[in-house]
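As a plain string of letters, each chain reads:
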Amino acid sequence: MSALFHRSCTANLPVADTGNGCYLVDTDGKKYLDACGGAAVSCLGHSDAAVRDAIRDQLDRLPFAHTGFFTSQAAESLAELLVHHAPDGIARMYPVSGGSEAVEAAIKLARQYFLETGQPTRHRIIARRQSYHGNTLGALAAGGNMWRRAPFSDLMVETSHISPCYAYRDRQDGETQEAYGLRVADELETEIQRLGPGTVMAFIAEPVVGATAGAVPAVPGYFRRIRDICDRHGILLILDEVMCGMGRTGTLFACEQDGIAPDIVTIAKGLGAGYQPVGAMLCSARIYDAIRDGSGFFQHGHTYIGHPMAMAAALAVLTRLTDGQTLPRVARAGDLLHSALHDRLGQHPHVGDIRGRGLFRGIELVADRATKEPFDPALDLHKRIKANAMQDGLMCYPMGGTIDGQRGDHILLAPPFIVTDDQIGQIADILAGAIDRAI
Ligand code: PLP
């Protein structure tokens, strides 16, 4: 009998024992090919020597120094490297310990920015329906995942949710991709007008939607229109790259492929690659300067922000991601994964869509390909697929997302960037079998 409070009180989980390359091994010696990095975390696999050495060195030199008293060389170097590679205009890094914390910091920074620049009426956030921004109350309020929000709705601030950019489901017959993108982006304009432009502080979105919709990128032009609308109304654009950032889509930041730069961007997961719990919020010089020249103090913080060991791990990960070889490899392996999934599942009667960028791919399952009707949520199809895949030694990330308030079934794939061509073939084969046995 376990004394551990597992998130699922009924799950009977194997005990992870060792990690090696793209594999995890349990205490019975069973190997699992990691095709999802847990939740898009383990971008460098499970035994990266440089990251482990960096953590060990940091531990030997300095395990902890509170950021109220000291800065650390690891934190300073990480900030410099991140800002150097960040989208245009990003000038500062605020370290945190994970994705939800990064989003909380982003929301509070946006609010403080408007307070310090004499615009106290700006307090509203607009987000999108198919979105997830974390499980803490502020981040949960921003997210649009109804299933996760429902039990806590009384505790959360009200947030407006507009349509996501989800071409597979929402593009109308005869509508071009571009026209579709502009139509849904313009919902932001409508919502700003409805709320009153002077009350809105930020729009938050994931450039490639992860946990609620399974690797859905926006169509070309969508985010440029979003950027224009935010600029026109003086609203901050927060991009949540907690899942899709840090090279996952083939560029360090996913938004590079949309040709825009945010005012604030959040990252986590791949930043620590699973070696340390770490995240960051990055912001523009304009925002940072407003705080510096105003109160001079960001009124937010947690004990473990900027933990030297987390910073050292993230610095080693980022050094690898920016070595000029790793990201082109992600793009090439991503194309191969996409082709393998198409070959194996493209004609499957219950596979509605295969999508994504780089090594961030999603498969949407449907009861009927012609009508795109989702499966009955009571079937818990995604859970059965996960169980089958684990039985066959494959980790994938199936989820019941929300499709306009309903549950839908998606599988998210986010293998380590070191995945081999052979392993990509195995992922497609094992997954196809796991899906077939579940339906
Ligand atoms: N934002 C996005 C886009 C995410 O996918 C997640 C987690 O899945 C979070 C925020 C929350 O991150 P964490 O679980 O590290 O708190």
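Residues numbered from 1 in each chain as written. Predicted model: local features only at pLDDT ≥ 70, side-chain atom pairs only at ≥ 80, totals over all residues.

### A closer look at helix α12 (residues 326-345)
Along an α-helix, residues three or four positions apart point the same way, because every turn accommodates 3.6 residues. Stated precisely, the cut-off is as follows: Per the convention used, a helix needs a DSSP run of H or I reaching at least four residues, while a strand needs a run of E reaching at least two, with both numbered from the N terminus. Between the first and last residue of a helix there are one fewer steps than residues, each counted as 1.5 Å, and that sum is the expected span. Burial is judged by counting the other C-beta atoms within 10 Å of a residue's own C-beta: 20 or more makes it buried, 12 or fewer makes it exposed, and any count in between marks it as partly exposed, with every C-beta position built from the backbone. Directions are taken from the helix axis to each C-beta atom, and the arc is the one they span.
When the terminal C-alpha atoms of α12 are compared, their 28 Å separation across 20 residues agrees well with the 28 Å that a helix rising 1.5 Å per residue should span. For α12, the complete set of buried residues consists of Leu327, Val330, Ala333, Gly334, Leu337, His338, Ala340, Leu341 and Arg344. What you see down the axis of α12 is that its buried residues fit within an arc of 165°, all on one side. Across from the buried face of α12, at angles greater than 90 degrees, the exposed residues are Pro328 and Asp343.

### Quick word on the sheet that holds strand β15 (residues 394-395)
For clarity, the threshold we go by: A strand pair is defined by DSSP finding two or more bridges across the two strands.
Strands sit in the order β1-β2-β3-β15 across an open sheet of four strands; the sheet is mixed. The sheet terminates laterally at β1 (16-20) and β15, the two strands that pair on one side only.

### Thoughts on the pairing of strand β4 (residues 90-96)
Among the seven residues in β4, six count as buried, and that is most of the element. Sheet topology places β4 next to strand β12 (residues 279-284); six bridges connect them, and they run antiparallel. Residue pairing in the sheet places arginine 92 in a bridge with cysteine 283 of β12.

### Focus: the domain arrangement of the chain
For clarity, the threshold we go by: Throughout the structure description, domain borders are defined by an automatic or database domain assignment. C-beta atoms are first placed from the backbone for all residues, and any pair lying within 7 Å is then listed as a contact. Amino acids are sorted into nonpolar (Ala, Val, Leu, Ile, Met, Phe, Trp, Tyr, Cys and Pro), charged (Asp, Glu, Lys and Arg) and polar (every other residue, Gly among them).
The domain boundaries assigned to the chain delineate domain 1 (16-48 + 325-438) and domain 2 (52-321). For domain 1 and domain 2, the distance between their C-alpha centres works out to 25 Å. Listed per partner, the contact involves 36 residues of domain 1 and 33 residues of domain 2. Elements supplying a minimum of two residues to the side of domain 1 that touches domain 2: α1 (37-40), α12, β13 (351-357), β14 (360-365), β16 (397-403) and β17 (406-413). Looking at side-chain class alone, the side of domain 1 that touches domain 2 contains 17 nonpolar, twelve polar and seven charged residues.

### Brief notes about the site of the ligand
Stated precisely, the cut-off is as follows: All residues are tested the same way: a C-beta atom is placed from the backbone, and lying within 6 Å of a molecule or strand makes the residue near it.
Contacts to the ligand come from 15 residues, most closely from Gly98, Gly99, Ser100, Gly134 and Val242. When residues of the shell around the ligand are assigned to their parent elements, the largest contribution, three residues, is made by helix α4 (residues 99-116).

### Notes on the nonpolar core
Filter applied, for reference: We call a set of buried Ala, Val, Leu, Ile, Met, Phe, Trp, Tyr and Cys residues a nonpolar core when their C-beta atoms link them within 7 Å.
Judged by nonpolar contacts, the single largest core of 140 residues is most densely connected at Ala110, Ile264, Met281 and Ala313. When residues in this core are grouped by element, the largest group, eleven residues, is from helix α11 (residues 308-321). Built from parts of two domains, this core gets at least three residues from each of domain 1 (16-48 + 325-438) and domain 2 (52-321). Not counting chain neighbours up to four residues away, the residues in contact with isoleucine 264 comprise Ala106, Leu109, Ala110, Leu236, Ile238, Met281, Leu282, Cys283 and Ile287.

### Observations regarding the packing of helix α3 (residues 73-85) against α11
Using the following cut-off: Axes, fitted as lines to C-alpha atoms, cover a helix only where it is in contact. Angles between the N-to-C directions of the axes lie from 0 to 180 degrees. We call a crossing left-handed when the near helix sits turned anticlockwise from the far one by less than a right angle, and right-handed when that turn is clockwise.
Where α3 meets α11, the closest approach of the two axes is 8 Å, and the angle between their N-to-C directions is 35°. At the point where α3 passes α11, the crossing takes the left-handed sense. Where α3 approaches α11, its residues Ala74, Ala75, Ser77, Leu78, Leu81 and Leu82 are matched on the opposing element by Pro308, Met311, Ala312, Ala314, Leu315 and Leu318. Broken down by class, the residue content of the contact of α3 with α11 amounts to eleven nonpolar, one polar and no charged.

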